[in-house]
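Structural overview for review
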Amino acid sequence: TIYAHALSAFEAIEQLCALAQPPLVPMPLQAGDQVGARAWSLEEPLGDGLWSARDAEGHQGCLEELWPLGDERWSQETQTRALSLNTINHPHIAPIQDWGVDPQSSRWFLVFPYIYGENLIERVDRAPLSEAQARSFFLQVTDALKRGLKADLIHDQLRPENIIFYSEEQLALT
């Protein structure tokens, strides 16, 4: 049947592509590894590909390990995201400190400031929010999202764990 021929042709093309470009297998990251030109030393995993890290000058950051270098679509999206984040100066958006491709692991990475504070879940668990606080926090988040959209950025992991309070009444999206 035509379907069977198309399927076998597709499988043959997949096999040829696999031979032409073997998949990149990045080295697993672990505490103590150095990442990027600024030699970000990984301190401890924070979950979901995030690491507490410190550069050679002692600046602390939150390193986000991303995807292998060989994926062109993600490579372009990472560069666009990093360049857009570099242009945003907003009190409720965590700025980018560093980004690039780590030659050791062949993975893209982004580094944001390490924000000491509670995330939204921890904040609500500690004490119930008043109506005024809830409104204020909501407006801060929507203002940050609106500013990101103006720079063609969409926060693809908006969840309470990525809303960090850097003071009792101020928050940042990470």
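The present account deals with the structure reproduced in this document. Numbering of residues starts from 1 in every chain and runs along the sequence as written. For this predicted model, a pLDDT threshold of at least 70 governs which residues receive local features, and a threshold of 80 or more governs which side-chain atom pairs are given and counted, while totals over whole chains, interfaces and linings are taken from all residues. Side-chain measures were taken over the full set of non-hydrogen atoms in the model, leaving aside hydrogen atoms and water.

Side note on the overall build of the chain
Rules: Helix numbers and strand numbers start at the N terminus; a helix is a DSSP run of H or I with at least 4 residues, a strand a run of E with at least 2. Between buried and exposed lies partly exposed: a residue is buried under 20% and exposed over 50% of the maximum accessible area for its type, with that area taken using a 1.4 Å probe on protein chains only. Whether two residues are in contact is decided by their heavy atoms: any pair within 4.5 Å suffices. Where accessible areas are quoted, they stem from the Shrake-Rupley method and a 1.4 Å probe; at the residue level, only the protein chains shown are allowed to cover.
Scanning the chain from terminus to terminus reveals four helices and eight strands. Ordered by position from the N terminus, the helices and strands of the chain form the series α-β-β-β-β-α-β-β-α-α-β-β. Every one of the 174 residues in the chain was classed for burial, and the buried ones make up 31%. When contacts within the chain are restricted to residue pairs at least 6 apart in sequence, those whose partners lie at least 24 apart make up 52%. Summed over all atoms, the accessible surface of the chain reaches about 10900 Å², with 59% contributed by carbon and sulfur.

Structural notes on the side chain of Asp102
Applied cut-off: Each polar contact in these results corresponds to two N or O atoms within 3.5 Å; when the atoms are within protein, one needs to be able to donate a hydrogen and the other to accept it, and residues that are neighboring in sequence are counted only if both atoms are side-chain atoms.
One can find Asp102 in strand E5 (residues 98–102). Classification of Asp102 as buried rests on a relative accessible area of 2%. In terms of polar contacts, Asp102 uses its side chain to reach the backbone amide nitrogen of Gly36, at 3.0 Å. Once residues lying within four places of it in the same chain are set aside, the contact partners of Asp102 are Gln34, Val35, Gly36, Arg107 and Phe109.

With respect to the packing of aromatic side chains
So the rule is basically this: Only Phe, Tyr and Trp rings are paired, with Trp represented by its six-membered ring, and only when their centres lie within 6.5 Å; those with planes under 30 degrees apart are stacked, over 60 edge-to-face, the remainder tilted.
By the definition in use, this model includes three aromatic pairs. Aromatic side chains Trp99 and Trp108 sit 6.1 Å apart centroid to centroid with 15 degrees between the ring planes, which places their arrangement in the stacked category. Its relative accessible area of 26% is what places Trp99 among the partly exposed residues.

Details of the side chain of Asp55
Mapped onto the elements of the fold, Asp55 is located in the loop between strand E3 (50–54) and strand E4 (60–68). Within the structure, Asp55 has its side chain in polar contact with the side chain of Arg38 (distance 2.6 Å). Among the polar contacts listed, one links the side chain of Asp55 to the backbone nitrogen of Glu57, at a separation of 3.0 Å. Ignoring sequence-local partners within four residues, the contact set of Asp55 consists of Arg38, Ala39 and Trp40.

Here we look at helix H4 (residues 131–150)
To be explicit about the condition: Here a helix's expected span is defined as the number of its residues, less one, multiplied by 1.5 Å. This arc corresponds to the set of directions leading from the helix axis out to the C-beta atoms.
Helix length check: H4, at 20 residues, gives a terminal C-alpha distance of 29 Å against a target of 28 Å (1.5 Å per residue), a fit within 8%. Turning to H4, its buried residues are Gln133, Phe137, Gln140, Val141, Ala144 and Gly148. For H4, the buried positions fall inside an angular range of 90 degrees around the axis, keeping them on one side. Seen from the buried face of H4, the exposed residues on the opposite side, beyond 90 degrees, are Glu131, Phe138, Leu149 and Lys150. Packed against the buried residues of H4 are helix H3 (120–126), strand E7 (163–165) and strand E8 (171–173).

Considerations on the pattern of salt bridges
Condition: Salt bridges are defined as contacts in which a side-chain nitrogen from Lys or Arg sits within 4 Å of a carboxyl oxygen from Asp or Glu.
For the structure on display, the rule yields seven salt bridges. Residue Asp55 is joined to Arg38 by a salt bridge in which the shortest nitrogen-to-oxygen separation is 2.6 Å. Separated by 17 residues along the polypeptide, Asp55 in the loop between E3 and E4 and Arg38 in the loop between strand E1 (34–35) and strand E2 (40–47) bring together distant segments of the chain. For Asp55, a relative accessible area of 6% gives the class buried. When the shortest N-O distance is used, the salt bridge between Arg135 and Glu131 registers 2.9 Å. With Arg135 and Glu131 both in helix H4, this residue pair falls four residues apart, about one helical turn. Given a relative accessible area of 61%, Glu131 falls into the exposed group. Each of Glu118, Arg123, Arg126 and Glu168 takes part in one network of salt bridges that share partners.

These values are about where atoms sit, not about what they do.
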